[in-house]
Amino acid sequence: MALLEIQHVDISYGNRVTVTDSNLTLEQGEICSIVGESGSGKTTVIRAVLGLLPGGGRVSAGDILFEGKSLLGLSQKEWRALRGHDISMIFQDSGAMMNQTRLIGSSFVEYIRTHEELSKQEAWKKGADMLARMRLPDSDRIMRSYPFQLSGGMRQRVGIAMGMTYQPKLLLADEPTSALDVTTQAQIVRQMMELRDEYGTSIILVTHDLGVAAYMGDKIVVMKNGRIEDAGDRGHMLHETDNAYTQLLLDAVPSLGGKRYV
Amino acid sequence: MFDEKDIILEAKHVTRRFPAAGGRELTACNDVNLKLYRGRTLGLVGESGCGKSTFMRFLVWLDTPTEGEIIYKGKDITKLRGQELWENRQHIQMVFQDPSTSFNPKMRIKDIVCEPLLNYGRIKPSEKDAKARELLEMVELPGDFADRFPHNMSGGQRQRVAIARALALEPEIIVMDEATSALDVSVQKTIIELITRLQREKGITIGFICHNLGLIQSFAHQVAVMYLGNIVEVMPGEIVSKQAMHPYTKALIASVFDTKMDFSKKIDPIRGEPPSPLDLPTGCPFQDRCDRCMELCRRERPALHEVGPEHEVACHLFAKGGEEA
Amino acid sequence: MKKKNFFLRYPGFTLFAILALLIVLAAVFAPQLTHGVNPTKGSLAEAIMPPSAEHPFGTDKMGRDVFTRVIYGARASLSSTFILVVVIFVVGTFLGILSGYFGGVVDAVIMRLADMMMAFPGLVLAIAVAGILGPSLRNAIIAISIVSWPKYARLARSLVMKIRHTDFVAAAIVTGSKTPYMLWKYMLPNTITTLVITAATDIGGMMMELAALSFLGFGATPPTPEWGYMLNEGRSFMQSAPWMMIYPGLAIFVTVVVFNMLGDNLRDILDPRNDE
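Residue positions are given per chain, counting from 1 as you read along its sequence in written order. All chains are assigned letters beginning at A, and all ligands numbers beginning at 1, according to the order in which they are written. Totals for whole chains, interfaces and linings use every residue, but because this is a predicted model, local features are given only for residues with pLDDT of at least 70 and side-chain atom pairs only at 80 or more, for both listing and counting.

Asks: For this particular structure, what's the right way to read the overall build of chain A?
Replies: By the criteria applied, helices consist of DSSP H or I runs no shorter than four residues and strands consist of E runs no shorter than two, each listed in order from the N terminus. For chain A, the count of helices and strands is 11 helices and 10 strands. Radius of gyration here uses only the C-alpha atoms, and the compact-globule reference equals 2.2 Å multiplied by the residue count raised to the power 0.38. A compact globule built from 262 residues should have a C-alpha radius of gyration of about 18 Å, and chain A, at 19 Å, falls within 12% of that. For chain A, the C-alpha atoms occupy an extent of roughly 55 × 50 × 35 Å along the three principal directions. Once C-beta atoms are placed from the backbone, each residue is buried if 20 or more other C-beta atoms lie within 10 Å of its own, exposed if 12 or fewer, and partly exposed for counts between those two. Each of the 262 residues in chain A was classed as buried or not, and the buried ones make up 45%. Within chain A, counting contacts between residues at least 6 apart in sequence, those at least 24 apart form 65% of the total. Contacts here follow a simple rule: the backbone-placed C-beta atoms of the two residues must lie within 7 Å.

Asks: I keep staring at the overall build of chain C and nothing clicks. Help me out?
Replies: If you tally the helices and strands in chain C, you get 11 helices and zero strands. The buried share among the 276 residues of chain C stands at 40%. Partitioning the contacts of chain C with sequence separation of at least 6, the portion at a separation of at least 24 is 69%.

Asks: Is there a simple way to think about the interface of chain B and chain A in this case?
Replies: How large an interface is tends to be reported as the accessible area lost when its parts come together. Residue-level contacts link 35 residues of chain B with 35 residues of chain A. Counting residues per element, the ones that place at least two in the side of chain B that touches chain A are helix 6 (185–202), helix 7 (213–216), helix 8 (240–243) and helix 9 (247–254) of chain B. At seven residues, helix 6 of chain B tops the list of elements feeding residues into the side of chain B that touches chain A. By residue class, the composition of the side of chain B that touches chain A is 13 nonpolar, 13 polar and nine charged. Gly falls in the polar group here, along with every residue not listed as nonpolar (Ala, Val, Leu, Ile, Met, Phe, Trp, Tyr, Cys, Pro) or charged (Asp, Glu, Lys, Arg).

Asks: It is not clear to me how the interface of chain C and chain B should be interpreted in this structure. Could you clarify?
Replies: Of the residues lining the interface, 12 residues belong to chain C; the matching set on chain B comes to 20 residues. Of all the secondary structure elements, the ones that give two or more residues to the side of chain C that touches chain B are helix 8 (167–174) and helix 9 (179–215) of chain C. The element best represented in the side of chain C that touches chain B is helix 8 of chain C, accounting for six residues. When the residues that make up the side of chain C that touches chain B are grouped by side-chain class, the tally is seven nonpolar, four polar and one charged.

Asks: Looking at this structure, I do not really get the environment of Pro254 of chain A. What am I missing?
Replies: By secondary structure assignment, the location of Pro254 of chain A is in the segment after helix 11 (244–252). Spatially, the C-alpha atoms of Pro254 of chain A and Gly84 of chain A are 37 Å apart, while their sequence positions differ by 170 residues. For Pro254 of chain A, the residues in contact, after removing those within four places along its chain, are Gly214, Leu215 and Ser218 of chain B.

Asks: I would appreciate a short explanation of the pairing of strand 9 (residues 222–227) of chain B in the present structure.
Replies: Residue and element names in this part refer to chain B. For strand 9, the buried fraction is high: six of the six residues fall into the buried class. Both faces of strand 9 are covered, namely the face carrying Gln222, Ala224 and Met226 and the face carrying Val223, Val225 and Tyr227. Alignment of strand 3 (residues 41–45) against strand 9, held across four bridges, turns out to be parallel. In the sheet register, Val45 faces strand 9, and the bridge partner there is Val225. Two strands form a pair only when DSSP identifies at least two bridges running between them. Taken together, the six bridges between strand 9 and strand 10 (residues 230–236) define a ladder with antiparallel strand orientation. Residue pairing in the sheet places Gln222 in a bridge with Pro236 of strand 10.

Asks: Quick question: what am I supposed to make of the arrangement of the chains here?
Replies: For the two pairs of chains in contact, the largest share of contacts goes to chains A and B. Taking C-alpha atoms as the reference, chain A and chain C come no closer than 20 Å and do not contact one another.

Asks: How should I be thinking about helix 6 (residues 122–133) of chain C in this particular structure?
Replies: What sets the pattern is the α-helix's 3.6 residues per turn: residues three or four places apart point alike. Given a rise of 1.5 Å per residue, 12 residues ought to cover 16 Å, and the 16 Å separating the end C-alpha atoms of helix 6 of chain C matches this to within 8%. Downstream of helix 6 of chain C by one or two residues, Gly134 of chain C has phi in the positive range, about 100 degrees. The span one expects for a helix is its residue count, reduced by one, times 1.5 Å.

Asks: What exactly am I supposed to notice about the sheet that holds strand 10 of chain B here?
Replies: Either a parallel or an antiparallel arrangement is found when strands of a sheet pair, and the pairing is made through backbone hydrogen bonds. Residue and element names in this part refer to chain B. Here we have eight strands laid out as an open sheet, ordered 6-7-8-3-9-10-12-11, and mixed in their pairing. With partners counted over all chains shown, the strands left at the sheet margins are strand 6 (92–95) and strand 11 (305–308), one partner each. Each adjacent strand pair in this sheet contributes to an overall mean axis angle of 25 degrees, direction not counted. Direction of pairing for strand 11 relative to strand 12 (residues 311–313): antiparallel, over a ladder of three bridges. By the bridge assignment for strand 12, His305 is matched with Val313. The convention used is that axes are lines fitted to C-alpha atoms, helices contributing only their stretch in contact, and that angles between N-to-C directions extend from 0 to 180 degrees. Those strands touched by helix 9 are strand 9 and strand 10, and its axis lies near 105 degrees from that of strand 9.

Following this line, the structure appears as structure tokens:
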């Protein structure tokens, strides 16, 4: 049984269908990259999986199955059990997702205590341990910092640590490195690959960066204007596909030591 | 390829310091020396906060360096004022990063691209329509875009308008501040093609700021790498991938995700984070993150010296001539 | 066709615009409305007479027809208020734009001046100024302007600062736009809508301030018919001849309400957030 199955999904806002006939199958331990330019609908799809479509958005056709069970029409109680435990999400700016007026530790403790019965001290210790396990230096200092006191890269790593606290089976990453410098991006990418290697976490990565998508993804899905243009494993997508749009995207990515304009 | 007599603009020992809270100082640019060659593109690469934007803004007089000089047409342009400054603006123009904020939302395209010409009295208001069409055609946009407002256009189209505006006064030098970073990758390619074509046709000198080393080395004749306000390496664009020497440049190269790379190779990012530009440490700015840092590096700041044809590096690991020290 | 739709779309504005226009017309055509009665002349024999057919609003202590004085009073009140609002608007906007655009010393000086003005209770300072310069409507206008310009200056300054460091302003400067051009074509248009709305809604308040000064004796001087001063004159007769205060008071009330509502409705039309 596949870990996640998106079957013929349409997503609509009101009467307007913005994503059409989306299909994706993800096995345990697999990483799938969804690539697309602006307006492609890639972020919409990933948010639909976790039931996080903003105002008025809904899955108007098809089904999303997690471990064989449908994710559509779950109750709030069922979602609370699922989110954080089995499926987690990290965003482009994890720092902005946190309360800027609270210490990281305070937000982390609250997060932990919504998922299990622990005292504040125990939850704090668990949080600090998690940061250390994610190889964040000086985890105690981080717990005692405000989000704005940390760099963008550090905030992303904290976001990943929080998302991984309960070792979810599936991690959804929505443009996790787009706002970061290239060297920081490299650190985050490596960290995410290690999550798969050490914990067997499956990852769906949404990005506009084909290079990152190709490096991380066992499977690559290309979206355009709300539809899946092309999909396949890395080898196929990079070398064998004859889809015109995929080739257009591949051609547009500058390559070190590759074609030059001057 | 680069001849002394082709130097159109030269920056010498340019430093920019800002006073910060608590009596400290923020050094955005530290002893920057760069040359721009006529008709060629200089790519200035670095990560956020490295000072590349600060430096390029000196060229269009949006800021003034604390120390140093920038020589253009035989004069130090940092000392220009008043009428002379206004005259010189015609020769150096700029394209900004974000096409959604670089235009006055209340102005139509034709007013935007003709404003520079009206400012310098080069056209009469009655000639606006014709001139606007001409400029739009130069950037491959249909003439009837002239009556539109910026928000009725895509990001790529707006960036073309920004380029048209920068070309209006027929400048010798155009500074482009991350001109493609806010665009989709397929659009980015078409804009780079446009820029390189215009450069070939008009012999324009370009200073291009970029954080993407992979992109810049594909169309820059010369690449300068900046870290924490310091130039750490300058080299011809085509040798970046093979002959980069400075550990930071190598780290940038290692951080590039390429669709043609070897995917089995594990990514080896540099450790740590860029330190704060407040209170720069003595010695090499890269000392805390370099895995080959020596004791000398913490004492003495390395100067840029030549290690190959048109290739300079600021690193104690390489003596003059390029041998490893 | 288009005009009709506009007025139908904004019934509130239309209503109060008509009312405001009526008030202005009343001031303009005062002689006709009062059948040529002289507002400054009266016979003591007819002093303090209650409203009657001949004197619809009664007479005051000098035997002058109150109705006539109320109608003519509109002239003084409206003209002085408009002049006051225009002065504050122009001075405040000008200083605010300079302050926001140039920053540095210019900004510091102008803002400290504004702070000084705002540190005083407005009416008290106005009274002091009017007291020093002597009572007259002109001096009342000067006095109130001095304390009221900071509000406009601060508003203009913050609107200018919002766009001062944007890329498109930098681009205009890089492409050779000179400072006067920048101030006129870029900074001013960005402030004007909000400031016009502020001025329109301030008309009522300013009218009250002028009337207050006149009531205290620091504004209009006799025998000029002016509503605030008429309230002053009628104060000692509040019990015995209430019509001397009621009618000028009503005039102030109605005019202020009409202009306040007009300004309010104007905001609904002009509010930049409702654009496009």
